[in-house]
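Coordinate inspection notes
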Amino acid sequence: MAAAAAAAAPGALGALQAGRARLVAACCARLGPGWRLPGSLTGPRVGPAMWARGWAPVAGGSAPRRGYSSEVKTEDELRVRYLEEENRGIVVLGINRAYAKNSFSKNLVKMLSKAVDALKSDKKVRTIIVRSEVPGIFCAGADLKERVKMNPSEVGPFVSKIRAVINEIANLPVPTIAAIDGLALGGGLELALACDIRVAASSAKMGLVETKLAIIPGGGGTQRLPRAIGISLAKELIFSARVLDGQEAKAVGLISHVLEQNQEGDAAYRKALDLAREFLPQGPVAMRVAKLAINQGMEVDLVTGLAIEEACYAQVHSPGSERAGCTAGGIEVAKDSPRRGARAVGARPHRPVPAARGQEDKV
């Protein structure tokens, strides 16, 4: 094993190499059973058959397969919609607690966790949008009225459950987009920070305001905000409990796009939908592996990050992986065609360009 060999090397270099090998091995472990490190790190690259099993759910752990209906409701507080036709593969999680400003209740947290658990093992899901079904509100954080009724011993576990479901959203294997069309405070902004991409209306308001209540962000805000906008500015915003509008949030890099709000009050959602459509034609396995490589690489030094990238790249560049990836994610063989050519499902036909002699292993 690479980690054992590196550990046997003398001095600090051996320890560093061992640590990097463990990090890369942990990264590959998150890809699922059957994934392996590339040859330069541990040995022979994974074969096509093993690669094809890499994204299969563990036996007994897969969620029941859902039909792609126009709308699937769990409870009124959370609406889960599987979009159809040209948007097939996009799933929208809509929070719907108008009477409580979409704040996190015990029930909403439970519903979010249940929905995320089903989505993470559904290979038909390509992109997830988190939005509000309530005009003018994204999420106002924890439900303080519900919290007041809790025993002191219940508060800690409740906050832990909020943190856990936000982490589950951050760890979803497919791209996630937060559409902020209204107020996003405290846990609401922490929910948005857990998404890969954030878009907001210019009229939206967002901030981590917990210090006003003599507490601190407890849903990942102290960690994800500095990673999004930098340590110094994140400290400033948390210390001051400052609330930003959409333009200010765009200026500091908290969101990627800012839109003027429309009459329907869903400008951010429409932009999120446009972005999600851009993602649909891309290789599904490549999207998942790219997200994993970026997320894991940002937590380590550059050398280790490059090793993680190599490990992930090997999974989409192994012999037969291109064909397997296309089959798994949206390009199927047209059985009714005499030529049996490639037919894209929601994507352009795939036409591989032959590599020049001696260039097969180069990008």
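Reading the values: rules and limits
Residues numbered from 1 in each chain as written. Predicted model: local features only at pLDDT ≥ 70, side-chain atom pairs only at ≥ 80, totals over all residues. Heavy atoms only, no water. Helix = DSSP H or I, 4+ residues; strand = E, 2+ residues; numbered from the N terminus. Buried < 20%, exposed > 50% of the residue type's maximum accessible area, 1.4 Å probe, protein only. Pairing = 2+ DSSP bridges. Patch = residues over 30% accessible without salt bridge, like charges linked within 9 Å, V, L, I, M, F, W, Y side chains within 5 Å. Areas by Shrake-Rupley, 256 points an atom, 1.4 Å probe, with all protein chains shown as cover. Salt bridge = Lys/Arg side-chain N within 4 Å of Asp/Glu carboxyl O. Polar contact = N/O pair within 3.5 Å; in protein donor to acceptor, adjacent residues only side chain to side chain. Contact = heavy atoms within 4.5 Å. Phe/Tyr/Trp six-rings, centres within 6.5 Å; stacked < 30°, edge-to-face > 60°. Lys NZ or Arg CZ within 6 Å of the ring centre and 35° of its normal. Expected span 1.5 Å × (residues − 1). Arc of directions from axis to C-beta. Core = buried A, V, L, I, M, F, W, Y, C linked by side-chain atoms within 4.5 Å. Axes fitted to C-alpha atoms, helices over the stretch in contact; angles between N-to-C directions. Parallel < 35°, antiparallel > 145°, perpendicular 65-115°, else oblique. Nonpolar A, V, L, I, M, F, W, Y, C, P; charged D, E, K, R; others polar.

Within an unreviewed UniProt entry, the label attached to the protein chain reads AU RNA binding methylglutaconyl-CoA hydratase, and the organism entered is Lynx canadensis.

**Observations concerning the environment of Leu237**
As for its position among the elements, Leu237 is in helix H9 (residues 231-240). According to the relative accessible area criterion, Leu237 is buried, its value standing at 6%. A C-alpha to C-alpha distance of 9.3 Å links Leu237 and Leu225, two positions 12 residues apart in sequence.

**Regarding the pairing of strand S2 (residues 78-82)**
Of all 5 residues that make up S2, 4 are buried, and the element is covered over most of its length. With 5 bridges joining them, S2 and strand S3 (residues 90-95) adopt antiparallel strand pairing. Residue pairing across strands places Tyr82 opposite Val91, the latter belonging to S3.

**Focus on a nonpolar patch on the surface**
A contiguous nonpolar patch, built from Leu144, Leu213 and Ile215 and spanning about 260 Å² of accessible area, is present on the exposed surface. Looking at the secondary structure, you find Leu213 in the loop between strand S9 (205-207) and helix H8 (221-229). Given the relative accessible area of 51%, Leu213 is considered exposed.

**Here's the deal with the side chain of Asn87**
Locating Asn87 in the fold gives a position in the loop between S2 and S3. A polar contact is formed between the side chain of Asn87 and the side chain of Arg277, at a distance of 2.7 Å. Setting aside its immediate chain neighbours within four residues, Asn87 contacts Arg277 and Leu280.

**Re the pattern of salt bridges**
The tally for this structure, following the rule as stated, stands at 11 salt bridges. Between Glu264 and Arg270 there is a salt bridge; the shortest N-O distance is 3.8 Å. Taking the shortest distance from any N to any O, the salt bridge between Asp266 and Arg270 comes out at 3.1 Å. Through salt bridges with shared partners, one network takes in Glu77, Arg97 and Asp143.

**What to know about unusual backbone geometry**
Comment: phi is negative for the bulk of residues other than glycine, and the bulk of peptide bonds are trans. Notably, Glu85 is not glycine yet its phi reads approximately 55°, a positive angle. In this structure, Glu85 sits in the loop between S2 and S3. Look at Glu85 and you get exposed, because its relative accessible area is 65%. Unlike most non-glycine residues, Ala214 shows phi in positive territory, near 65°. Mapped onto the elements, Ala214 comes out in the loop between S9 and H8.

**Here's the deal with the packing of aromatic side chains**
Applying the stated rule across the entire model yields 0 aromatic pairs. Cation over ring: Arg131 sits above Tyr269, and NZ or CZ is 4.0 Å from the ring centre.

**Observations regarding the pairing of strand S8 (residues 197-201)**
Counting buried residues along S8, 5 of its 5 residues qualify, which places the element largely inside the surrounding structure. Across the two faces of S8 the burial is the same, with Ile197, Val199 and Ala201 and Arg198 and Ala200 all buried. Two elements, strand S6 (residues 176-180) and S8, share 4 bridges in a ladder whose sense is parallel. Note on S8: the bridge partner recorded for Ala179 is Val199. Across 3 bridges, the pairing between S8 and strand S11 (residues 257-259) is parallel. Within the sheet, the bridge partner assigned to Val199 lies in S11 and is His257.

**Structural notes on the environment of Ile238**
Looking at the secondary structure, you find Ile238 in helix H9. Counting along the chain gives 30 residues from Ile238 to Leu208, while the straight-line C-alpha distance between them is 5.8 Å. Apart from the residues within four sequence positions on either side, Ile238 is in contact with Leu208, Thr211, Pro217, Gly221, Thr222 and Leu225.

**Considerations on helix H6 (residues 152-170)**
Here H6 contains 19 residues, and its C-alpha end-to-end distance of 28 Å stays within 8% of the 27 Å for a straight helix at 1.5 Å per residue. For H6, the complete set of buried residues consists of Phe158, Ile162, Val165, Ile166, Ile169 and Ala170. All buried residues of H6 project into a common sector of 155° when viewed along the axis, lining one side. Of the exposed residues in H6, those oriented more than 90 degrees away from the buried face are Ser153 and Lys161.

**Focus on the nonpolar core**
In this structure, Leu78, Phe138, Ile180, Met206, Leu225 and Leu254 are the most contacted members of the largest nonpolar core, which totals 51 residues. Counting residues per element, this core draws most heavily on helix H4 (residues 106-119), at 7 residues. Leave out the neighbours within four places in its chain, and Leu78 touches Leu93, Gly94, Ile95, Leu108, Met111, Leu112 and Ala115.

**Observations concerning helix H13 (residues 302-317)**
End to end, H13 covers 22 Å across 16 residues, agreeing with the expected 22 Å (1.5 Å per residue, within 8%). Every buried residue of H13 is accounted for by Thr304, Gly305, Ala307, Ile308, Ala311, Cys312, Ala314 and Gln315. N-cap assignment for H13: the residue whose side-chain oxygen lies 3.1 Å from the backbone N of Val303 is Asp301.

**As for the packing of helix H12 (residues 284-297) against H13**
The relative placement of two packed helices comes down to the angle between their axes together with the axis-to-axis distance. H13 packs onto H12 with a crossing angle of 170° between their chain directions and a minimal axis gap of 9 Å. Comparing their axes, H13 and H12 come out roughly antiparallel. Along its contact with H12, which presents Val285, Ala286, Val289, Ala293, Gln296 and Gly297, the element H13 presents Gly305, Ile308, Cys312 and Val316. Taken together, the residues of the contact of H12 with H13 break down into 7 nonpolar, 3 polar and no charged.

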